[in-house]
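# Structure at a glance
Each chain is listed here by its residues.
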Amino acid sequence: MSPPPAGGGPPDFARFAAEVVGPRAGETDRAPGLAPELIREVAATGLLGAMIPADYGGLALDAPAFGRACAEVGSWCTATRALLTVQNMVAGAIARWGTPEQRRRWLPGLADGSRLAAFCLTEADAGSDAAAVATEVAAKDGGWVVDGRKLWVTAGAVADLFLVVGTMAGAPTAVVLERGTPGLRVEPVGDRLLGMRGALVAHVGLVGCRAPAGARLGPVGAGFSHVAAVALDLGRHSVAWGSAGLAEGCLREAVRYATVRRQFGRPLAEHQLIRRLLSDMVVRARSARQLCRAASAAHAAREPDAVQETMVAKYAASTAAFANAADAVQIHGAAGCTTDHPVERFLRDAKTQQIIEGTDQMHQLGVCELALREYGGPLRAAAEGAR
Amino acid sequence: MTASDNAAADAVRERVRAFLHDVLREEIGDDVDLFSTGLADSLLAMRLVTFVETAFGLTVEAEDLDPAHFRSINAVTDFVHRKHAGAPGEAR
Ligand SMILES: Cc1cc2nc3c(=O)[nH]c(=O)nc-3n(C[C@H](O)[C@H](O)[C@H](O)COP(=O)(O)OP(=O)(O)OC[C@H]3O[C@@H](n4cnc5c(N)ncnc54)[C@H](O)[C@@H]3O)c2cc1C
């Protein structure tokens, strides 16, 4: 890992991302899957426990600092960034709603990266409609029994802890299951994915999985509205910054290529239409970063509206990443359609950012609420008036 | 409740009302059930927790997440009062 900067403080994440993550990103995508040594190197930076309080061994970064780190890593490798995202989502939910005993049991291992976490919400019939989860949590013999099937679980292939959101007779309930629980089976799906192929995504089958009484996180009934909500908010924040970074990575690669590749006797970057593409990429990347800064500031100030600001940032940044990736491929021509350049991976990864942690459409619905609130009158009165 | 308790409760109620009015864009009665009437969605639940914590300087713990505490303007007002009074099981 990169040495800490002179004068102490956290390691130089930009350097770590460029020198350690970037050179391994192609291999992570092709394998597919983050190599155990790379995960260990990421863990050594502290980034897996970036937002975990220092009392539990975490770096205790605030939202803006963690966001910037996600952007640095995301500008090189979305799969590596996804590992940071999910680890901090689960750790954040435990730090927020765990009992002191649960925090002591789980947070130190998540902070030093000796244990990896996965967040299990999505099911066959519960995607965007995540509250429709059907995984059953039942009380039995003083503990819990969990039955269901979770899909598209980032880091599921290697996770030690699975934060599972299920339902107890209709009341959403979250339970933390440990790897090795009889009946818990992971099925890696990385080689079938369009993007984020290296993110160790798996489907997770849960058949009669028993967990002790202390495995339930938060009260019965709060599994979705509070436990998953905290994790998803942290996840959107991290994906937003990671996508802003990806938009910047696309620009970096496009500029590099456009200044070297020559056509019609001069570098591509001297052709006006290419300059137009590059300038649009600059604007998208910078706008995305500004919105991420605003979301992080709202988080740091503990504003109730931070959730919406984060949705605005995630929607804008993932859209920017996809548009920039498409333009970066365009600027590379045929070379951009091969694995010789990272931009084809960037394009595949960028599409997944418009789907995870809430699709574009789900964000459009949420973001619209901001506008209605700022500029609209009472919704019900308006609806009645229109009738 | 003493007169000063009542005044404090009124001030809390007014802030909760203002917050919900801002979010929901309509006046709602102090006892209207936010969740069973569908006025509140899942996003509101966490925003309400964050609002209560930052506006009134208290920490909502997992055991406080009883829906009864967040059901209505009056329920939130009573909850804040009990937390501030350090009621058994809720004192921090
Ligand atoms: C790489 C990757 C990693 C993932 N990691 C995780 C993870 O770690 N944990 C986890 O739980 N899940 C994970 N997911 C799942 C992800 O959260 C879901 O894919 C996402 O929530 C969308 O659900 P869905 O795929 O079922 O799509 P659907 O909900 O079936 O949606 C399909 C399309 O319909 C649109 N749509 C749906 N409802 C509406 C509506 N009301 N109005 C307008 N349009 C609508 C959607 O926007 C989308 O375009 C991951 C997914 C991917 C691709």
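Residues numbered from 1 in each chain as written. Chains lettered and ligands numbered in written order. Predicted model: local features only at pLDDT ≥ 70, side-chain atom pairs only at ≥ 80, totals over all residues. Heavy atoms only, no water.

Here the focus is the confidence of the model for chain B. All names here are of chain B. Summary statistics for chain B give a mean pLDDT of 87 and a share of 92% for residues scoring 70 or more. At the level of individual helices and strands, chain B shows its lowest average pLDDT in helix α1 (residues 3-24), which scores 90, and its highest in helix α4 (residues 73-85), which scores 95. Here residues 88-92 is a poorly scored stretch, pLDDT under 50, and it has eight contacts once near neighbours within four places are set aside; other chains count. We note a pTM of 0.95 for the whole complex and an ipTM of 0.89 for its interfaces. (pLDDT = per-residue confidence, 0-100. Helix = DSSP H or I, 4+ residues; strand = E, 2+ residues; numbered from the N terminus. Contact = heavy atoms within 4.5 Å.)

With that settled, the discussion passes to the domain arrangement of chain A. Residue and element names in this part refer to chain A. Here chain A is described as being made up of domain 1 (13-115), domain 2 (118-220) and domain 3 (225-375). Measuring from the centre of the C-alpha atoms in domain 1 to the corresponding centre in domain 3 gives 21 Å. Buried surface at the junction of domain 1 and domain 3, summed over both partners, amounts to about 2100 Å²; 64% is from carbon and sulfur atoms. Counting across the domain 1 and domain 3 interface gives one salt bridge. Measuring nitrogen to oxygen at the nearest pair gives 2.7 Å for the salt bridge that ties D29 to R348. At the boundary of domain 1 and domain 3, one finds six residue pairs in polar contact (both at pLDDT 80 or more). Listing elements by their share of the side of domain 1 that touches domain 3, those giving two or more residues are α1 (13-30), α3 (63-74) and α4 (78-97). The greatest single-element share of the side of domain 1 that touches domain 3, amounting to nine residues, is contributed by α4. Here the side of domain 1 that touches domain 3 is composed, by residue class, of 12 nonpolar, eight polar and four charged. (Domains from an automatic or database assignment. Buried area = accessible area lost by both parts, 1.4 Å probe. Salt bridge = Lys/Arg side-chain N within 4 Å of Asp/Glu carboxyl O. Polar contact = N/O pair within 3.5 Å; in protein donor to acceptor, adjacent residues only side chain to side chain. Nonpolar A, V, L, I, M, F, W, Y, C, P; charged D, E, K, R; others polar.)

What follows deals with the packing of helix α2 (residues 42-56) of chain B against α4(B). Residue and element names in this part refer to chain B. Their axes nearest at 12 Å, the elements α2 and α4 cross at an angle of 45°. Between α2 and α4, the interaxial angle falls into the category oblique. For α2 against α4, the interelement crossing comes out right-handed. Contact residues: L48, V52 and F56 in α2; V76, F79, V80 and H84 in α4. Of the residues in the contact of α2 with α4, the class split is six nonpolar, one polar and no charged. (Axes fitted to C-alpha atoms, helices over the stretch in contact; angles between N-to-C directions. Parallel < 35°, antiparallel > 145°, perpendicular 65-115°, else oblique. Left-handed = near helix turned anticlockwise from the far one by under 90°.)

So, on to the nonpolar core. Of all hydrophobic cores here, the largest spans 126 residues; its most connected members are A:W97, A:F119, A:L163, B:L20, B:V52, B:F56 and B:V60. Per element, the largest residue contribution to this core is 18 residues, and it comes from helix α6 (residues 223-260) of chain A. What B:V52 contacts, discounting residues up to four positions off in sequence, is B:G57, B:L58, B:V60, B:F70, B:V76, B:F79 and B:V80. Formed by 17 residues, the second largest nonpolar core is a distinct cluster that contains A:V137, A:L177, A:L184 and A:C209. (Core = buried A, V, L, I, M, F, W, Y, C linked by side-chain atoms within 4.5 Å. Buried < 20%, exposed > 50% of the residue type's maximum accessible area, 1.4 Å probe, protein only.)

This paragraph deals with the interface of chain A and chain B. In this assembly, 27 residues from chain A lie in contact with 21 residues from chain B. Summing both sides of the interface, chain A and chain B together bury roughly 2100 Å²; the carbon and sulfur share of this comes to 58%. Three residues stand out in chain A for area buried against chain B, namely A:R302, A:P304 and A:R373, and they jointly supply 27% of the buried area on that side. Run the count over chain A and chain B and you get three salt bridges.

Glancing now at the site of the ligand. Residue and element names in this part refer to chain A. In the vicinity of the ligand, 16 residues are found, and the nearest of them are T122, S128, W152, T359 and Q361. Here a nitrogen atom of the ligand sits 2.7 Å away from a polar atom, N or O, in the side chain of T122. T359 is positioned such that a nitrogen or oxygen atom in its side chain is 2.6 Å from an oxygen atom of the ligand. When the free accessible area of the ligand is taken as 980 Å², the share hidden by the protein chains comes to 63%. Taken together, the elements giving at least two residues each to the shell around the ligand come down to β1 (117-120), β3 (143-153) and α10 (360-375). Considering every element that reaches the shell around the ligand, the biggest residue donor is β3, with three residues. A breakdown of the residues in the shell around the ligand according to their chemical character gives 10 nonpolar, six polar and no charged. Counting contributing residues, the shell around the ligand receives three or more from each of domain 2 (118-220) and domain 3 (225-375). (Near = heavy atom within 4 Å. Areas by Shrake-Rupley, 256 points an atom, 1.4 Å probe, with all protein chains shown as cover.)

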